[in-house]
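An overview of the molecular structure
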Amino acid sequence: GGGLVGLVGAGEGCPQVSGGRRVRRDGLPAMLLFVAVPFAALFLAMGAHPAGLIDTEDEIRARTETWRPLAARAAAESGVPVDLLLALVSTESSGRPGATSAAGAMGLTQLMPPTAKGAAARLPGLDPDDLDFYDPALNLRLGAAILGDELRTFGEDAALALAAYHRGPGEPAA
């Protein structure tokens, strides 16, 4: 028994180290874990999403809205509602063109290279082997094409199309 103190020692009979100093065994290292772990989790969470934890919904909305002119062109080409494409951008990248996920998804619409190359092969004027996934106009064009494919696959059901977009091709349906 003895709880945490019993687990780490009470300080009496602490082993000596060079210089006559004693090693603390009063629970301080264990208590630091209760402080360090939440901060480490916070920093990891900030790195896991391009927006981190500091963006408000209004900031994300404003940043995403700056892409409306490019998104409108891409959406029109693929037959996708522009507001749906912008919702995808807001959710996937928080409107950040340089966003990169831990899985390797890139840009505004968080394109995975194999999926994006497949879409590029179907679009006029694009070379699937020469793509800059961080170029906002190209990223929106490819993301809209993929989203349009999913919309057609799921009978224009936006919720299913967005879920399929996020899941990616070849992934099992949940």
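Quantities reported herein were computed from a predicted structural model and do not represent experimental measurements.

1. Concerning the overall build of the protein
Looking only at helices and strands, the protein features eight helices and zero strands. Each of the 174 residues in the protein was classed as buried or not, and the buried ones make up 31%. Of the roughly 10300 Å² of accessible surface on the protein, a fraction of 62% belongs to carbon and sulfur atoms.

2. A few points about the confidence of the model for the protein
A residue-level look at the protein finds 67% of positions with pLDDT of 70 or above and a mean pLDDT of 80. Taking the mean pLDDT of every element in the protein, the minimum, 44, falls on helix α1 (residues 3-8) and the maximum, 97, on helix α4 (residues 68-78). For residues 3-11, every residue scores under 50 in pLDDT, and the model assigns this stretch twelve contacts once sequence neighbours within four places are set aside.

3. A word on a negative patch on the surface
A cluster of acidic side chains, namely Asp127, Asp129, Asp130, Asp132 and Asp135, defines a negative patch on the protein surface. As for its position among the elements, aspartate 132 is in the loop between α6 (113-122) and α7 (136-153). What makes aspartate 132 partly exposed here is its relative accessible area of 43%.

4. Some details on the packing of α7 against helix α8 (residues 158-167)
Axis separation between α7 and α8 bottoms out at 8 Å; the angle between their running directions is 125 degrees. Taken together, the axes of α7 and α8 lie oblique to each other. As for the relative orientation of α7 and α8, their crossing is right-handed in sense. Contacts between α7 and α8 involve Gly143, Ile146, Leu147, Glu150 and Leu151 on the former and, on the latter, Ala158, Ala161, Leu162, Ala164 and Tyr165.

5. A short note on the side chain of glutamate 92
Locating glutamate 92 in the fold gives a position in helix α5 (residues 82-93). It is arginine 167 that comes nearest to the buried, bridge-free glutamate 92 among opposite-charge side chains, at 11 Å. Among the polar contacts listed, one links the side chain of glutamate 92 to the side chain of histidine 166, at a separation of 2.9 Å. In this structure, glutamate 92 is in contact with Leu108, Thr109, Gln110, Tyr165 and His166, ignoring residues within four places of it in sequence.

6. What to know about the pattern of salt bridges
Two side chains with opposite charge may pair up if their charged atoms get near one another. On inspection of all chains with the given rule, the structure shows nine salt bridges. Between aspartate 58 and arginine 61 there is a salt bridge; the shortest N-O distance is 2.8 Å. Residue aspartate 58 and its partner arginine 61 are located together in helix α3 (residues 57-65), separated by three residues, close to a single helical turn. A relative accessible area of 55% places aspartate 58 in the exposed class. Overall, arginine 61 belongs to the partly exposed group, its relative accessible area being 48%.

7. A closer look at the nonpolar core
If you look at the biggest cluster of nonpolar residues, it comprises 29 residues, and the most contacted ones within it are Leu85, Leu111, Phe133, Leu140, Leu142 and Leu147. Elements that contribute at least two residues to this core include exactly α4, α5, α6, α7 and α8. Broken down by element, this core gets its largest block of residues, eight residues, from α7. If near-sequence neighbours (up to four positions away) are discounted, leucine 142 is found in contact with Leu111, Ala116, Ala119, Ala120, Leu123, Leu126, Leu131 and Phe133.

What counts as what
Residues numbered from 1 in each chain as written. Predicted model: local features only at pLDDT ≥ 70, side-chain atom pairs only at ≥ 80, totals over all residues. Heavy atoms only, no water. Helix = DSSP H or I, 4+ residues; strand = E, 2+ residues; numbered from the N terminus. Buried < 20%, exposed > 50% of the residue type's maximum accessible area, 1.4 Å probe, protein only. Areas by Shrake-Rupley, 256 points an atom, 1.4 Å probe, with all protein chains shown as cover. pLDDT = per-residue confidence, 0-100. Contact = heavy atoms within 4.5 Å. Patch = residues over 30% accessible without salt bridge, like charges linked within 9 Å, V, L, I, M, F, W, Y side chains within 5 Å. Salt bridge = Lys/Arg side-chain N within 4 Å of Asp/Glu carboxyl O. Lys, Arg positive; Asp, Glu negative; His and termini not counted. Charge placed at Lys NZ, Arg CZ, Asp CG, Glu CD. Axes fitted to C-alpha atoms, helices over the stretch in contact; angles between N-to-C directions. Parallel < 35°, antiparallel > 145°, perpendicular 65-115°, else oblique. Left-handed = near helix turned anticlockwise from the far one by under 90°. Polar contact = N/O pair within 3.5 Å; in protein donor to acceptor, adjacent residues only side chain to side chain. Core = buried A, V, L, I, M, F, W, Y, C linked by side-chain atoms within 4.5 Å.

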